[in-house]
Amino acid sequence: MTVRKQLSRLTQRFPGLRKRRFKNRVQLRWGSGDFFDELESTYWMRSSTVRRHLGQLATGHPDADWLSWLRQQLISSKPARKDGYRALVLGCGEGWLERTLAEWPEVVAIDAEDVAADVVDRARDKAEQAGLAVNYRVSDLNTQGLPEEHYDLIVAHSVLHHLDQLEFALDQIHDALRPGGVVAINEYVGPARLQYSDAAMTVINEIMAVLPGSYRISTLTGEPLSEKTRPPVDYLMSVDPSEAIRSDELHALVQTHLDVLYEAPLNGSVLQHLLYEIVANFDDELPHDRALIQLIAAYEELLHEVGTLEPDYAFYVATRRDHPATLRLERSRAAERRYFSGPGNELGQSWWSWPGVRRHLHEVPTGDPTTDWWTRAKQWLVDGGVSATSPILVIGESWLEPVLRDVATNLTFVHDDEGLSNLPHGEYHAVITTGGLGRSSIPAPELVTLLSRSMQPGAFFVVNERRDPSQRAQAFAARLAVALEPLFPAEGYHPLEARARQPPVELVAEHFTIERELACGGELLETLLGSNEATWRTVIDAHGTTLLDVLCMIERRLLEDGHLLPEHVVLFARKRPEA
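Residues numbered from 1 in each chain as written. Predicted model: local features only at pLDDT ≥ 70, side-chain atom pairs only at ≥ 80, totals over all residues. Heavy atoms only, no water.

### Let's talk about the overall build of the protein chain
Here's step 1: Counting its secondary structure elements, the protein chain contains 24 helices and 13 strands.
Here's step 2: Per-residue burial for the protein chain yields a buried fraction of 52% across its 579 residues.
Here's step 3: Put simply, 81% of the contacts in the protein chain that link residues at least 6 apart link residues at least 24 apart.
Here's step 4: Accessible surface, the protein chain: about 25900 Å² in total, of which carbon and sulfur atoms supply 49%. (Helix = DSSP H or I, 4+ residues; strand = E, 2+ residues; numbered from the N terminus. Buried < 20%, exposed > 50% of the residue type's maximum accessible area, 1.4 Å probe, protein only. Contact = heavy atoms within 4.5 Å. Areas by Shrake-Rupley, 256 points an atom, 1.4 Å probe, with all protein chains shown as cover.)

Quick look at the structure:
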């Protein structure tokens, strides 16, 4: 029998031994300097872009970290105690939190504790080297109590999700606060044992699939990663049996054991797991890399707002339940930021042909990135009986002539409103338009009636039409535009001018039977790319198509999940028999 099996049997027979073994593993893990070095190179908060994003979520302003914001709120909302504030840092690690608190003139005494004696020794050495007075101790929050009504400020950062005895620990925190004191909790509150949801894993790996290989190199192995997987529970428990042991219960327990004055979701269900092990490949000094992280962060935020994902991290400020709350906390009012501003450029005519975008615009309606919707439409026309000699009217798009040549040769092109007003009656076997309903000055209902009259009974109507973006699409585009500000620092983004259109689906349905309808992409892309074409060309030339690929992936996912309505549609319809 192996030593490992013998230990396992012994711990089953003697629970006390199992608890000691559990604690020893935790102390070994968190007392290791090598582990802290590894964490520094792999953890998502290594990125200053991520930290600014989390500061924005926690406080309302990207330039305010949660701890500095808390100090400002404390000193502005309540008078300082005459004898100063007493502070406690739980799970201090190597001590950055208490060394920060020691710089606050309001704080006159600081205690800090951790379960691992080795890490406490390192934190104590760093504080002494900095000339700071901090009282350190080794303590296990699962079992050891805190002095009652002793502290004005308690800080718990990434420590509570390691506790098995959460109820005991939260009660101790509650009772250790002096009347009017507060506890700041910044924690992982996601799935236990880091078993991320299927929805989160889908989003994470869709992003991984479009990241170039240089961003996917593991800093632990030096090898490129093809996908992300959940950490196996057995492995997680072998290296740190305390990791996320009851994290999924933490949010509810904070609410029931403390009086929560302030709460801010920090999301993280995508960013944290996606960036683990690869975050060092993103250079915060490069505008492109900052924009890429910000774009993913904005996408994650949208998915939380629409309910696809639940927050995995949260920030709370709470106090005792048995004392009236005197502190009122508010998010900082962030400076107004430009989403779309300045004079718009002329709409370019080629953004839809850029690498990646064209594949996306093919894949959304057809499910195949190598097959465009026109290939499908031509086959529908042939299957419907359209022959090479069938008269076909094409509105405005002469580029369609070579595309249609293998289907029909009897093509008539109309480019202006005069031609549309003088169409013959009952002439055409098919009418094809891409955007013609929106560009004509003839009112859309009247135009559809004119086209219907020009067609033979049973004729086909192929429509590729753009509706005006919905308010949600405009809001999504604006949010993503903010994320891309590193690439557009001066001019910002320019909006496409919206034109009033009656939805083409409803208009066409008045005269035709719609046999097929395809939802195309472009709801976000046209707004974000179309009027900023010159700048995007510069970005593509300098950095490749990574940002475009991520934008395409975001739009496709939002469409598939129903969070965006299809505003670009392809309709294949047949004229009804005359009444």
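What follows picks up the thread again.
### What about the sheet that holds strand β12 (residues 512–520)?
Here's step 1: Pairing within the open sheet is mixed, and its six strands lie in the order β9-β8-β10-β11-β13-β12. In this open sheet, the two strands that pair with only one neighbour each are β9 (411–414) and β12. The sheet shows a mean angle of 15° between the axes of neighbouring strands, direction not considered.
Here's step 2: The pairing of β12 with strand β13 (residues 568–575) spans eight bridges and is classified as antiparallel. When the sheet's bridge partners are listed, Ile 514 is paired in β13 with Ala 573.
Here's step 3: Contacting β10 (428–434), β11 (455–466), β12 and β13, helix α15 (residues 373–383) runs over the sheet at an angle of about 175° to β11. (Pairing = 2+ DSSP bridges. Axes fitted to C-alpha atoms, helices over the stretch in contact; angles between N-to-C directions.)

### Overview of the sheet that holds strand β7 (residues 313–319)
Here's step 1: One open sheet accounts for seven strands, arranged β3-β2-β1-β4-β5-β7-β6; its pairing is mixed. Looking at which strands have only one partner, the edges of the open sheet turn out to be β3 (135–138) and β6 (259–267). On average, each strand axis in the sheet is tilted by 15° relative to the strand beside it, whichever way the strands run.
Here's step 2: Where strand β4 (residues 151–157) meets strand β5 (residues 177–188), six bridges bridge the pair, whose relative direction is parallel.

### As for the pairing of β7
Here's step 1: Most of β7 sits inside the fold, with seven of its seven residues counted as buried.
Here's step 2: Bridge count between β5 and β7: six bridges; the pairing is antiparallel. When the sheet's bridge partners are listed, Glu 187 is paired in β7 with Ala 314.
Here's step 3: With seven bridges joining them, β6 and β7 adopt antiparallel strand pairing. Note on β7: the bridge partner recorded for Glu 263 is Tyr 316.

### With respect to the confidence of the model for the protein chain
Here's step 1: Put simply, the protein chain has an average pLDDT of 83, and 84% of its residues get 70 or more.
Here's step 2: Confidence drops under a pLDDT of 50 for residues 28–33, and excluding neighbours within four residues, the segment shows 18 contacts in the predicted structure.
Here's step 3: Note on residues 333–349: pLDDT is under 50 here. Beyond four places in sequence and across chains, it has 44 contacts. (pLDDT = per-residue confidence, 0-100.)

### Structural notes on helix α11 (residues 247–257)
Residues three or four positions apart in an α-helix share a direction because the helix packs 3.6 residues into each turn.
Here's step 1: Turning to α11, its buried residues are Ser 247, Leu 250, Leu 253, Val 254 and His 257. Take α11 and look down its axis: the buried residues cluster within an arc of 105°, on one side only. (Arc of directions from axis to C-beta.)

### Considerations on the pattern of salt bridges
Here's step 1: Counted under the stated rule, the structure contains 19 salt bridges.
Here's step 2: One salt bridge in this structure joins Glu 249 and Arg 246, with 2.8 Å as the shortest N-O distance.
Here's step 3: Note on Arg 246: relative accessible area 13%, which makes it buried.
Here's step 4: Glu 560 serves as the salt-bridge partner of Arg 557, at 3.6 Å between the closest nitrogen and oxygen. With a gap of three residues between them, Arg 557 and Glu 560 both fall in helix α24 (residues 546–560), about one helical turn apart. (Salt bridge = Lys/Arg side-chain N within 4 Å of Asp/Glu carboxyl O.)

### Considerations on the environment of Glu 223
Here's step 1: Its place among the elements puts Glu 223 in the loop between α9 (198–210) and α10 (233–239).
Here's step 2: In this structure, the C-alpha to C-alpha distance between Glu 223 and Gly 213, residues 10 residues apart in sequence, is 9.7 Å.

### A few points about unusual backbone geometry
Here's step 1: Its identity is not glycine, yet Glu 149 carries a phi of approximately 45°, on the positive side.
Here's step 2: Here Glu 149 is to be found in the loop between β3 and β4.
Here's step 3: For Ala 244, which is not glycine, the phi dihedral falls at a positive 50°.
Here's step 4: Within the secondary structure, Ala 244 sits in the loop between α10 and α11.

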